[in-house]
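Each chain, written out:
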Protein chains: 2
Amino acid sequence: MKDRIAVGLIGFGTVGTGVAKVLTTNAGVIRQRLGVPLALVKVADLDLATDRGITLPPRVLTANAREVIDDPAIEIVIELIGGYDPAKRFLLEAMAQGKHVVTANKALLAVHGEELFEAAARAGVDIGFEASVCGGVPILRALTEGLAANRLLSLYGIVNGTSNYILTKMTEAGRPFDEVLKEAQTAGYAEADPTFDVQGIDAAHKLSILMNLAFGTPVNFKDVYVEGITSIAPMDIAYATEFGYTIKLLAIAKLHSETQGVAIGESERSASPTRARGTVEDGASWRTGGGRVQTGASEPIPMGGRAPAELEARVHPTMIASESPIARVDGVYNAIQVTGDAVGDVMLYGKGAGSFPTASAVVSDVIDIARNILKGTVRRVPPCAFQPDQRRPLRIRPIAEISSLYYLRFMVLDRPGVLSQLSGILGKHDISISSVLQRGRKVGQTVPVVLTTHTAVERNVQAALREIAAMPFVSAPTTLIRIEGEDR
Amino acid sequence: MKDRIAVGLIGFGTVGTGVAKVLTTNAGVIRQRLGVPLALVKVADLDLATDRGITLPPRVLTANAREVIDDPAIEIVIELIGGYDPAKRFLLEAMAQGKHVVTANKALLAVHGEELFEAAARAGVDIGFEASVCGGVPILRALTEGLAANRLLSLYGIVNGTSNYILTKMTEAGRPFDEVLKEAQTAGYAEADPTFDVQGIDAAHKLSILMNLAFGTPVNFKDVYVEGITSIAPMDIAYATEFGYTIKLLAIAKLHSETQGVAIGESERSASPTRARGTVEDGASWRTGGGRVQTGASEPIPMGGRAPAELEARVHPTMIASESPIARVDGVYNAIQVTGDAVGDVMLYGKGAGSFPTASAVVSDVIDIARNILKGTVRRVPPCAFQPDQRRPLRIRPIAEISSLYYLRFMVLDRPGVLSQLSGILGKHDISISSVLQRGRKVGQTVPVVLTTHTAVERNVQAALREIAAMPFVSAPTTLIRIEGEDR
């Protein structure tokens, strides 16, 4: 038995400092779990001057990352410098030397994930990245292990704390985006350059990582449809409230496939599935709806059924029922709701960022890898949940092809016949109206006409909006916000 | 590489049927994760006649559990018959034959867990029991792996769906317990004999399992303080609402120790802990409050600091702030909120029972063990999260010694001086009143006097209640409900 496992850290910033403190403060409990201690033997950062509230022995600190990567004693390298380069190079070099790696770098994984996963497979090392999504919330481990029995059908996430904080404040106080953003920057909840957070880019990075694990398919972040929260107006938040909705920046993934899984949504105590089919050793059969399906022995259920499976992958402001659990996730908290065919809905909730919550995920990954090292095993769970040769690219459905409910706010001159013309154009494009709200009549002035639709196809909605934009009574661009929920 | 892993199932009831259906329906996705299929080769149940909506080949079914236990091909045995005997015997026999086991049997684990864990250690096999707590919610894996970097400080759980369903209905409709219980029984949400659910026994079983994993200590269910929901009156629910509280049957565990972990509750973007201390390779030091702590190399932080650590372990109706996430967990859903010193608060939420959610956990455990088998490893994570030789019994603090906020409802004859006498007795016992509610004055009749206290010691509260019970103006027993939250 080894008497310790040596760990090296590259990046001694906010999260790196948290990792060093968790490794030291919780050395006792970590040793009780592992049987041997984790030793932080080398920490590399260009800035060795800043006081981080923790004093490391001089020979642990270095300004040269190579001293971590090349140290033969170090078995696990933690990368916490962020960005694409040199982070990627450091990870590749460490893996090439047979070292396991742990990273929180979501941008890097979302863009160069496949390259890193292949390098890990080639080198035969583990790569941990729980901290890259939702800070301390162990969502990746839930997707790869805790829910491994499920065919995963969808996931909805509030995965960016900054934008959720801003939307929460806008909703509570009815105040405009710019004002709340400035406050958030002052309070340290938003970066000086908030682009990644408020434009949905960070959320899209995380969604592509989540989808990779949930659906066994490589998803590059460039294939994710992205809209940020910068154009959300207090007026739309107020209307949402009136309709019983809350606006959240949601990361959404859905599987479309004719293969049906175990029935979900059944009565709690009933064991009779209403839609399912299956196979068991030597040809078992079980009912699906009314009929019977007989399948061959050990024949795996084809993913995708008749039509090839497709995925939706999108990040945008979304109206969701205010009473739903995820609508109630406020401030800097993150949450992800996953639906599996067996488990139904599961939600995980916690702090999505910050030094210690992120360090919790990083160090838990280190412990996981240390457990492998101590047992002489490696790559027990493939980094993307599916065996590398079992992963297959699925088509990402373009946004024009999705179906959704829509909230539309038109700014129109208030004169007779406007509503009739609006609804006429919508009807022509196969869009049926669910509810309309029009108030404060000021003939000849601009007023909002707000409506929600039944399920419609995005392409049709966009075509209708283009046609409506050309109408003489329209005095400002129309606001479109997608609604997730039942078509009532 | 093996070409399949053979699984045997003992117990073909509601959950067993769900397991068989998940294994067959999701055979494809399970194979994509594992690389090889899981084959359900033997299913034992005394009842082979009932139509379960799935047809297994005749040679798979047997009425004799020994055919599962003794089958040399079977590597993993799933026990789903429930109860203490013969479930325990079957598990012990299967392990003695070198088979890994998976069970959902919370009552058995809560009472005979240590014996089973020792048997697994002796036999060198894995024992999976994720399904024993909160159905499909992967909470045990979160405690043992996803949050492994943390010193866990507390957990609060809604872990019994039946009692939560009843309390939710009572709260929504203002209706009495007996009426709602009958309805729940008719709807299949409560058993004909609901004792285990409504008396808190099932919740205490689950709490003892959770604590075992969270705190590295054996906790027998007999050491858990238990109160059920049978005496909750609609009146108390209405008063709770008025105070801003919701009543839930909570399973509560808290660690009391002078050893402090990584600071939690710090500002999201700040990396400066306010209370912490630690050690790192070769004697690092870092600040705790104002001073500096220098510790020796590799010295583990002593668990317990100066005073030995103690645990609270209790299940009882609890008032919690209505706006807290866990107060909003309604109906048959379960949720557990865990607080770790690094991660802060994390909540997991999902269906706590039912055929398919429970099967999700069972089959995920089977996949976990299969991954070990395929990698030639075993017992990678100890079943109780801590290494067996690192677990130590901690004292469970008797209920008389706990501190809490209290809700007290006195039924008194409405006459002058009563409130003064009540508060006099409370004050004498060191109990200070936070708020009082008294309404509907009908002189000479019985009226409720409701009050909440600041933090008080349970022993003092009980002594005061005994004294008050003897007063001539008291016309019915006093209702006591503990409140979890900040002392405002």
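See the structure above.
Residues numbered from 1 in each chain as written. Chains lettered and ligands numbered in written order. Predicted model: local features only at pLDDT ≥ 70, side-chain atom pairs only at ≥ 80, totals over all residues. Heavy atoms only, no water.

### Observations concerning the overall build of chain A
Alright, step 1. A tally of helices and strands in chain A yields 14 helices and 21 strands.
Alright, step 2. Evaluated residue by residue, chain A yields a buried proportion of 61% over its 488 residues.
Alright, step 3. Contacts in chain A between residues at least 24 apart in sequence constitute 75% of all its contacts with a sequence separation of at least 6.
Alright, step 4. When the accessible surface of chain A is split by element, carbon and sulfur atoms take 52% of a total near 17,100 Å². (Helix = DSSP H or I, 4+ residues; strand = E, 2+ residues; numbered from the N terminus. Buried < 20%, exposed > 50% of the residue type's maximum accessible area, 1.4 Å probe, protein only. Contact = heavy atoms within 4.5 Å. Areas by Shrake-Rupley, 256 points an atom, 1.4 Å probe, with all protein chains shown as cover.)

### Considering the side chain of Thr217(A)
All names here are of chain A.
Alright, step 1. Among the secondary structure elements, threonine 217 is positioned in the loop between α10 (201-215) and β9 (225-226).
Alright, step 2. Reaching out from threonine 217, the side chain makes a polar contact with the backbone nitrogen of leucine 394 at a distance of 3.0 Å.
Alright, step 3. Every residue in contact with threonine 217, bar those within four places of it in the chain, is listed here: Met211, Asn212, Leu311, Arg391, Arg392, Pro393 and Leu394. (Polar contact = N/O pair within 3.5 Å; in protein donor to acceptor, adjacent residues only side chain to side chain.)

### Examining the nonpolar core
Alright, step 1. Residues Ile139(A), Ile166(A), Ile139(B) and Ile166(B) are the most contacted members of the largest nonpolar core, which totals 182 residues.
Alright, step 2. Filtering out sequence-adjacent residues up to four positions away, Ile166(A) remains in contact with Phe177(A), Val180(A), Leu181(A), Ala184(A), Val198(A) and Ile229(A).
Alright, step 3. Of all hydrophobic cores here, the second largest spans 40 residues; its members include Phe12(A), Leu38(A), Ala104(A) and Ala385(B). (Core = buried A, V, L, I, M, F, W, Y, C linked by side-chain atoms within 4.5 Å.)

### Some points on the packing of helix α13 (residues 418-428) of chain A against helix α14 (residues 458-469) of chain A
All names here are of chain A.
Alright, step 1. It is the contact of α13 with α14, at a shortest axis distance of 9 Å, that shows an interaxial angle of 145°. Between α13 and α14 lies a crossing of right-handed hand. In this structure, α13 uses Leu422, Ile425, Leu426 and Lys428 to contact α14, whose residues at the interface are Ala464, Glu467 and Ile468.
Alright, step 2. Looking at the contact of α13 with α14, its residues break down into 5 nonpolar, no polar and 2 charged. (Axes fitted to C-alpha atoms, helices over the stretch in contact; angles between N-to-C directions. Left-handed = near helix turned anticlockwise from the far one by under 90°. Nonpolar A, V, L, I, M, F, W, Y, C, P; charged D, E, K, R; others polar.)

### Describing the pattern of salt bridges
Alright, step 1. Across all of its chains, the model carries 58 salt bridges over all chains by this definition.
Alright, step 2. Its salt-bridge partner being Glu114(A), residue Arg391(A) comes within 3.0 Å of it at the nearest N-O pair. With Arg391(A) in the loop between α12 (355-374) and β16 (395-396) and Glu114(A) in helix α5 (residues 106-123), the pair connects residues that are 277 residues apart, well separated along the chain.
Alright, step 3. Its salt-bridge partner being Glu401(A), residue Arg395(A) comes within 2.8 Å of it at the nearest N-O pair.
Alright, step 4. Since its relative accessible area comes to 38%, Arg395(A) is described here as partly exposed.
Alright, step 5. Taken together, the salt bridges that share partners define one network made up of Glu130(A), Arg141(A), Asp365(A), Asp368(A), Glu145(B) and Arg380(B). (Salt bridge = Lys/Arg side-chain N within 4 Å of Asp/Glu carboxyl O.)

### Brief notes about unusual backbone geometry
Alright, step 1. Following Asp85(A), the chain continues into Pro86(A) via a peptide bond in cis, with omega recorded as 10°.
Alright, step 2. Its location among the elements puts Pro86(A) in the loop between β5 (74-79) and α4 (87-96).
Alright, step 3. The backbone of Arg379(B) sits at a positive phi, close to 55°, despite the residue not being glycine.
Alright, step 4. Tracing the sequence through the fold places Arg379(B) in the loop between α12 (355-374) and β16 (395-396).
Alright, step 5. What makes Arg379(B) buried here is its relative accessible area of 15%.
Alright, step 6. You will see that Asp430(B), though not glycine, has its phi angle at about 70°, which is positive.

### Observations regarding helix α6 (residues 139-146) of chain B
Alright, step 1. Most of α6(B) is tucked away, with 8 of its 8 residues classed as buried.
Alright, step 2. Turning to α6(B), its buried residues are Ile139(B), Leu140(B), Arg141(B), Ala142(B), Leu143(B), Thr144(B), Glu145(B) and Gly146(B).

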